[in-house]
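Secondary and tertiary structure notes
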Amino acid sequence: NAREDYLRLYSEYHTMSALAYMRYSVNTADEFYSAENDYYDEASPAVHSLIADYAAALLDSPFRAELERELSPLLFRSMELQRKAISPVIVDDMVEENRLISEYSKLMAGMEFDFRGEKLPRPALLGYLKDSDRTTRREAMECLGTTLEKNSAELDRIFDALVHVRDRMAKKLGYDNFIELGYCRMNRLCYGRQEVAEFRQNVLRDIVPAVSALRTENAKRMGIEDYKLYDNEVLIPGGDPRPCGKDGIFAAAREMYHAMSQETGEFIDMMLENEAFDVDSRRNKWGGGYCTEFVKYRQPFILANFNGTSGDVDVVTHEAGHALNAYLIADNRFALELGCGGMETAETHSMSMEFFAWPYLDAFFPKAGDAQRYRFQHALDALSFLPYGTMVDEFQHRIYAEPDLTPAGRNAVWLELEAKYRPHIDQRGIPYLERGTRWQYQMHIYETPFYYIDYCLAQTAAFQFLLASQDDYDSAFARYLHLSEQGGEKLWTELLTEAGFRSPFAPGALAQLAAQVEPLIRPPNI
């Protein structure tokens, strides 16, 4: 009964804080919701300290064995990690961390980029990096670099403060540095630092050479001999395929989800009828994309920034994969406490849905041949992401192991890792960014440390769903729905085994994956 009271209270708090953040992120200049966001920045550490007290009452109960049988051993393992991640002694530091994150998000959301006579928000500028004209891409990247340089003092100050407040919290809790605390905060239940380190080595050995060769060959097909940073977003001669407009994308999404299954059809109808999307790019809007949920109302919500590129389609596949999971597990026993599981599980839902959209892409790309061009681009992008995401992860391990590095020292680490994980890209010639500052607009690095490797792990699972769907789409999709419906009640590695897939930590798993995926990345007749 006490737990039920707690869940009712937490549902109310979770819903109100999510609503306030959503309203703030759609317009970070809104004074009322900016103040609301500030309130939750200050209140949430105290709330999480209370949640830790609740967890301790269960963990330390003389009836723990009976409680585990009645509830779930996995719930208790998750609570043990929570207890390692929070204490009243770091609440003030957590408030400071939240304040700095909000400061960064406001800085990035308010930044305007003067490009060819227009003042653009960052997502709109990034759309030009997919332009077929190389001069346009170079000028867009130069504009990005020069504008970031104007804000470099603030970007460095905020990140330096974040690194040190996180390091301080870790040391107050008895850790050597923030890395172990960061793993606890990510609720990693089925792998740790050793497994992730081995995964990074496997990516270096088995994926980096394949990606570099594929990318270099593809650049030469486009007439590019000197592969620059501004060439990295374009994979198709003449420019990437452009989808139909916003209305067409949502009409195609509704048709696709109805064709997939009854559950997905009901889901997309609910999302569209409740206007649970905000996808227009505008000044002062948070510059990324996310899916959140208002648990009291069983309502997911998706924020994105359409910019006319193929990335717009990813919103109704990737983010909708998250939203579908929230919809499917709304009534699960531990939906509020365990959610969908770890973030590697959450990203498996979203990245796999991107691939399950493949048979339906003609409706999103009406120009003849563009759907197949997108499949090529999507598969190569997805494989290329593994080195990039792994590089982000190693960068964070290096930074938090050496919290007193100077800004120039951090940039030097980034350049070193670029050469290691993406040796085919020439970083030179772009103002500011050539100094190793590309990481400053990767928002996860500031906002959610150690999250990024979850995307990489999930990508390996998503590729296995793609390969399975090539053999038997209906069977693969049924396995996908089953995985998603279980939420956080099973470990990610257990879910993979149930789906018939290999763990990416298994010896040789990535070499096998590269061999299976590479045949999908042969250029269409373009």
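For the structure itself, consult the block above.
To keep things clear, this report deals only with the structure shown in the data block.

The rules we used
Within any chain, residue numbers begin from 1 and follow the written order of that chain's sequence. pLDDT decides what is reported in this predicted model: residues at 70 or higher carry local features, side-chain atom pairs at 80 or more are listed and counted, and totals for whole chains, interfaces and linings draw on all residues regardless. In computing side-chain values, all of the structure's heavy atoms are included and hydrogens and water are not. As used in this record, nonpolar core signifies buried Ala, Val, Leu, Ile, Met, Phe, Trp, Tyr and Cys residues forming a set joined through side-chain atoms within 4.5 Å. The buried label goes to any residue with under 20% of its type's maximum accessible area, the exposed label to any with over 50%, and the partly exposed label to all in between, with areas taken from a 1.4 Å probe on protein chains only. Should any heavy atoms of two residues lie within 4.5 Å, those residues are considered in contact. The rule for a salt bridge is simple: a side-chain nitrogen of Lys or Arg has to be within 4 Å of a carboxyl oxygen of Asp or Glu. A run of DSSP states H or I qualifies as a helix once it reaches four residues; a run of E qualifies as a strand once it reaches two. Both are numbered from the N-terminal end. Only when DSSP finds a minimum of two bridges between them are two strands counted as paired. Structural elements are reduced to axes, namely lines fitted to C-alpha atoms, with helices fitted over the stretch in contact, and the angle between N-to-C directions of any two is expressed from 0 to 180 degrees. Comment on the angle field: the value is read as roughly parallel under 35 degrees, roughly antiparallel over 145, roughly perpendicular from 65 to 115, and oblique elsewhere. Amino acids are sorted into nonpolar (Ala, Val, Leu, Ile, Met, Phe, Trp, Tyr, Cys and Pro), charged (Asp, Glu, Lys and Arg) and polar (every other residue, Gly among them).

Attention now moves to the nonpolar core. As a rule of thumb, nonpolar side chains are buried together in soluble globular proteins. Counting 159 residues, the largest nonpolar core has Met-141, Leu-148, Phe-356 and Phe-364 as its most contacted members. Setting aside anything within four residues of it in sequence, one finds Met-141 in contact with Leu-129, Leu-229, Tyr-230, Ile-430, Leu-433 and Tyr-441. Judged by nonpolar contacts, the second largest core, of 18 residues, contains Tyr-13, Tyr-54, Ala-55 and Leu-58.

In this section: the pattern of salt bridges. Counted according to the given criterion, the structure contains 44 salt bridges. Of the charged contacts in the structure, one is a salt bridge between Arg-185 and Glu-97, with a shortest N-O distance of 2.7 Å. Here Glu-97 lies in helix α5 (residues 91–110) and Arg-185 lies in helix α9 (residues 178–185), a separation of 88 residues in the sequence. Judged by its relative accessible area of 4%, Glu-97 is buried. Arg-134 serves as the salt-bridge partner of Asp-231, at 2.7 Å between the closest nitrogen and oxygen.

On to the sheet that holds strand β3 (residues 277–280), then. Hydrogen bonds between backbone groups are what pair the strands of a sheet, and the pairing can be parallel or antiparallel. Spatially, β3-β5-β4 is the arrangement adopted by the three strands of the open sheet, whose pairing is mixed. Each of the sheet's edge strands pairs with one partner strand only, and the pair in question is β3 and β4 (290–294). Strand-to-strand, the axes of this sheet are offset by a mean angle of 15 degrees, without reference to chain direction. Sheet analysis places β4 next to strand β5 (residues 299–306), joined by five bridges and oriented antiparallel. For Tyr-290, the partnering residue across the bridge sits in β5 and is Leu-303. Sheet contacts for helix α12 (residues 262–273): β3 and β5; angle to β5, the most-contacted strand, approximately 70 degrees. Along the sheet, helix α13 (residues 311–328) contacts β3, β4 and β5; its crossing angle with β5, the most-contacted strand, is approximately 165 degrees.

This part is about the packing of helix α11 (residues 246–260) against α12. One way to put it is that α11 packs onto α12 with a least axis distance of 6 Å and a crossing angle of 150 degrees. Taken together, the axes of α11 and α12 lie roughly antiparallel to each other. Of the residues in α12, those touching α11 at Phe-250, Ala-253, Arg-254, Tyr-257, His-258 and Met-260 are Thr-264, Gly-265, Ile-268, Asp-269, Leu-272 and Glu-273. Taken together, the residues of the contact of α11 with α12 sort by class into six nonpolar, three polar and three charged.

By themselves, these are just geometric observations and shouldn't be taken as functional.
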